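# Summary of structural features
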Amino acid sequence: MNIQIFKCILPVVLMFMQQGIFAQPKILLKFDDIGASKNTCNAGPVIDYLLQKQIKASYGVIANRLDSTARQAMEKYLVATNAKGEKLIEIWNHGYTHSNKNPPDNNMEFKGTGYEFQKRHFDSSNMLVEKYLGVRMTSFGSPYNATDSNTIRVIAENGGYKSVMFSTVDTASYPALRFLNNRVDMEKGTGNPNFELFMSDYRKHREYQNSYIVLQGHPPYWNADQFDQFKKIVDFLVAEKCTFVLPAELVR
């Protein structure tokens, strides 16, 4: 290419890149409130759909919503890989009970409940998920996205955790943890995917499009119409040639 032509084109290319026109962001699908009991996973249809499309996604398990049949219900998901042999799902810690009515003052499970309470629930969640699913988790996303300084302390002390989703508490004090906070909304209220809302927020946060985006959803509560809205979102992201990733892949 002629050097003069290159010099003329370069500013235009850089402008497009800054505007996100050439961006192909990494997409982290963060699915909350997952359980598996009585040989059934409450997000089965959504997981099946994404696996059929070979799309990676992460699933936040509420530990006390598992029973002894959970491994059987989830086995085909836990071992699923793409053509490159990469895992297609990651299980992450979404709390032990997911309750927002905890002592001393009817607080969230991981906000305002104190260090000992939070450590007990965090450790219990790890124990049950490993017992019933055979999974050792490395990422955390709090119920209701509610955390405090005790939460981050408990996570950091575990040593095996690498990332925390949607918490800005004490991020500078814990350099060993990556805080995944680049949120773009796709639900218009919990459990209600909405394509138009997603498109608006996606365009609003162009600064994320050269790095990564976290999309939060609650598939156990979607009806058929809401599931269709999510499929429209996926179709758009695929057409944009976005890369779907897992939390573990964002901390390597």
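Quick notes on the rules
- Residues numbered from 1 in each chain as written.
- Predicted model: local features only at pLDDT ≥ 70, side-chain atom pairs only at ≥ 80, totals over all residues.
- Heavy atoms only, no water.
- Helix = DSSP H or I, 4+ residues; strand = E, 2+ residues; numbered from the N terminus.
- Rg over C-alpha atoms; globule rule 2.2 N^0.38 Å.
- Buried < 20%, exposed > 50% of the residue type's maximum accessible area, 1.4 Å probe, protein only.
- Contact = heavy atoms within 4.5 Å.
- Lys, Arg positive; Asp, Glu negative; His and termini not counted.
- Charge placed at Lys NZ, Arg CZ, Asp CG, Glu CD.
- Polar contact = N/O pair within 3.5 Å; in protein donor to acceptor, adjacent residues only side chain to side chain.
- pLDDT = per-residue confidence, 0-100.
- Core = buried A, V, L, I, M, F, W, Y, C linked by side-chain atoms within 4.5 Å.
- Salt bridge = Lys/Arg side-chain N within 4 Å of Asp/Glu carboxyl O.
- Pairing = 2+ DSSP bridges.
- Right-handed = clockwise from strand over helix to strand, strands pointing away.

Right, let's get into the overall build of the protein. Of the regular secondary structure elements, the protein holds 8 helices and 9 strands. Over its C-alpha atoms the protein spans a radius of gyration of 20 Å, differing by no more than 12% from the 18 Å that the globule rule assigns to 252 residues. Dimensions of the protein along its principal axes, counting C-alpha atoms only, are 70 × 40 × 35 Å. Of all 252 residues assigned to the protein, the portion counted as buried reaches 49%. When contacts within the protein are restricted to residue pairs at least 6 apart in sequence, long-range pairs at least 24 apart make up 72% of them. Taking the average location of the 29 positive side-chain charges in the protein and that of its 25 negative ones, the two points are 4 Å from each other.

Here we come to the environment of leucine 250. Here leucine 250 is to be found in helix 8 (residues 247-250). For the pair leucine 250 and serine 163, spaced 87 residues apart in the sequence, the C-alpha separation amounts to 8.6 Å. The residues contacting leucine 250, other than those within four sequence positions of it, are Lys26, Leu28, Arg178, Leu180, Tyr212 and Val245.

Note on helix geometry: an α-helix contains 3.6 residues per turn, so any two residues three or four positions apart are oriented the same way. Listing the buried residues of helix 6 (residues 195-204) in full gives Phe195, Phe198, Met199, Asp201 and Tyr202. Where helix 6 begins, the side chain of asparagine 194 points an oxygen toward the backbone nitrogen of glutamate 196, at a separation of 3.2 Å.

With that out of the way, let us pick up the confidence of the model for the protein. Mean pLDDT for the protein: 92, with 91% of residues reaching 70 or above. In this model residues 12-20 is a low-confidence stretch, pLDDT under 50, and it forms 7 contacts with partners more than four residues away in sequence or in other chains.

The next thing to look at is helix 2 (residues 44-52). Looking at helix 2, one finds that the buried residues are Gly44, Val46, Ile47, Tyr49, Leu50 and Leu51. Packing partners of the buried residues in helix 2 comprise strand 1 (26-37), strand 2 (40-41), strand 3 (57-66), helix 3 (70-78), strand 4 (89-93) and helix 7 (224-239). Once helix 2 ends, the next one or two residues include glutamine 54, with phi positive near 60 degrees.

This paragraph deals with the nonpolar core. Counting 61 residues, the largest nonpolar core has Phe31, Leu50, Ile91, Phe198 and Phe230 as the members making the most contacts within it. Per-element tally for this core: the top contributor is helix 7, with 6 residues. Phe166, Leu180, Val214 and Val245 belong to the second-largest nonpolar core, a separate cluster that totals 9 residues.

Relative to the assigned elements, aspartate 32 resides in strand 1. Here aspartate 32 falls in the buried class, since its relative accessible area comes to 2%. Side-chain polar atoms of aspartate 32 contact the side chain of lysine 30, separated by 2.9 Å. Not counting chain neighbours up to four residues away, the residues in contact with aspartate 32 comprise Gly60, Trp92, His94, Gln216, Gly217, His218, Pro219 and Pro220.

Below, the discussion takes up the pattern of salt bridges. When the charged atoms of two side chains lie near each other, side chains of opposite charge can form a pair. All chains considered together, the criterion is met by 9 salt bridges. A salt bridge links aspartate 48 to lysine 76, with the nearest nitrogen and oxygen atoms 3.7 Å apart. Placement of aspartate 48 in helix 2 and of lysine 76 in helix 3 is noted, with a sequence separation of 28 residues between them. Given a relative accessible area of 35%, aspartate 48 falls into the partly exposed group. Note on lysine 76: relative accessible area 52%, which makes it exposed. Across the salt bridge formed by lysine 119 and aspartate 123, the nearest N and O atoms sit 3.2 Å from each other. Of this pair, lysine 119 and aspartate 123 both sit in helix 4 (residues 115-133), 4 residues apart, which is roughly one turn of the helix. If you follow the salt bridges from partner to partner, you end up with Lys56, Glu86 and Glu249 in one network.

Attention now goes to the pairing of strand 3. Of all 10 residues that make up strand 3, 8 are buried, and the element is covered over most of its length. Note that strand 3 and strand 4 share 5 bridges and pair parallel. For glycine 60, the partnering residue across the bridge sits in strand 4 and is tryptophan 92. In terms of handedness, the path from strand 3 via helix 3 over to strand 4 forms a crossover that is right-handed.

This part is about unusual backbone geometry. That bond from proline 103 to proline 104 is cis: its omega, 5 degrees, falls within 30 degrees of zero. Within the fold, proline 104 resides in the loop between strand 4 and helix 4. Phi at aspartate 33 takes a positive value of approximately 65 degrees, unusual for a residue other than glycine. Mapping aspartate 33 onto the fold places it in strand 1. With relative accessibility at 4%, the residue aspartate 33 sits in the buried group. Backbone geometry at histidine 98 places phi at a positive 60 degrees, although glycine is not the residue there.

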